[in-house]
Amino acid sequence: MLHTQSTRFSTPSFLVTIIAGMVASAFFSLTFVVNQALGLAHDSWQWTAALRYFFMVPLLWGLLYLTPRSRRRLFWIALSEHPWRWIGGGTIGFGLFYAPLTIAAQYGPAWLVAGTWQLTIIMGGLLEPVVKRTRIHARSLSQGIPWRTLFNSMVILAGVSLLQWDHFRHLSSWHNTANVVGPIILAAVAYPLGNRMMITYAPQMSATERTLGMTLGSLPFWGTVAFWGLMERGWPQEPQIIQSVIVAIGSGVIATVLFYWATQHAFAHPEQLAAIEATQSGEVLFSLIGSMVFLGQSWPSPVSMGGVALIILGMILHSLQRKTTSTFSVKT
């Protein structure tokens, strides 16, 4: 863990963190659209998944070296003290999140994967009772399930279900549905779990530092996945490499750092944390727009537009729910 003197942080307003979450959802949607394009091209899912994190390492490394040397030294101390924690957190939060998500993209369009992925909104709230918070987050009023926030999330999920209903019944088989839903259930649990694990372990780390630490920790997992892809399909081709770079920059770095920054500032308040995680519902809308613009998919039906309205309503309920506090103390 990082060792620092007593520090005072000013926290951003709840609205700012919500906006950061929405911007992150726009960049996250690149994952679903690009992965669908790669799936349509029958590219190896193993390379699609592993290349994103391989390319993230130098990008995040460059961001780290823009910070003061003292921060970099503390970062490396944190990694060297308990490397297995970072390997575990990175494997769960990144490996068991993105590999299943990439597999699901082989069996369903971007909007379907992005919509099913909204299960993570519910999973994040349900994980609250198992989160062991450090002293930095001792102010949290509750470590139980934030039921009121989950009700708002259910409004969003109702909209997502309505948005996708027509598409679900036109799938070729329920087997295809299982191939989408099954992996995403695993991903929807792994992503918030890994995020919470590493916030709890290293709360003083910035979002960039934590993302880099988890990325480095996930490399053994991605090395194994890449070797699997090499044995099965050979080396990746240039189009797959280029599109993986785009996903690494947009979704892997920009979106992940923004989202982790927002969740870190809301972590002491379970209801606000669940609201930030609910901003991921924007991925459905952005993925639908991206699919229409870049992959030629049709405009949604009136029923689907009703789902969009419910999603917007759920987001409004979240944004009106509660204001964040102005400051918190860090003592280690």
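Here goes a summary of the coordinates provided. (Residues numbered from 1 in each chain as written. Predicted model: local features only at pLDDT ≥ 70, side-chain atom pairs only at ≥ 80, totals over all residues. Heavy atoms only, no water.)

Turning to the overall build of the protein chain, a few remarks are in order. Looking only at helices and strands, one finds 13 helices and two strands in the protein chain. By the burial criterion, 55% of the 332 residues in the protein chain qualify as buried. The contacts in the protein chain between residues at least 6 apart in sequence include a share of 90% that link residues at least 24 apart. Carbon and sulfur atoms provide 70% of the accessible area of the protein chain, an area that totals close to 14200 Å². (Helix = DSSP H or I, 4+ residues; strand = E, 2+ residues; numbered from the N terminus. Buried < 20%, exposed > 50% of the residue type's maximum accessible area, 1.4 Å probe, protein only. Contact = heavy atoms within 4.5 Å. Areas by Shrake-Rupley, 256 points an atom, 1.4 Å probe, with all protein chains shown as cover.)

Moving on to the environment of tryptophan 45. By the secondary structure assignment, tryptophan 45 is in helix α2 (residues 45-64). A relative accessible area of 15% places tryptophan 45 in the buried class. When the C-alpha positions of tryptophan 45 and alanine 105 are compared, they lie 8.6 Å apart, and in sequence the two are 60 residues distant. With residues up to four places along the chain from it excluded, the contact list for tryptophan 45 reads Ala99, Thr102, Ile103, Gln106, Val225 and Trp228. In terms of polar contacts, tryptophan 45 uses its side chain to reach the side chain of glutamine 46, at 3.5 Å. (Polar contact = N/O pair within 3.5 Å; in protein donor to acceptor, adjacent residues only side chain to side chain.)

What follows deals with the environment of methionine 305. Its place among the elements puts methionine 305 in helix α13 (residues 302-319). For methionine 305, a relative accessible area of 32% translates into the label partly exposed. Between the C-alpha atoms of methionine 305 and glycine 159, which are 146 residues apart in sequence, the distance is 9.0 Å. When neighbours within four sequence positions are excluded, methionine 305 is seen to be in contact with Trp299 and Pro300.

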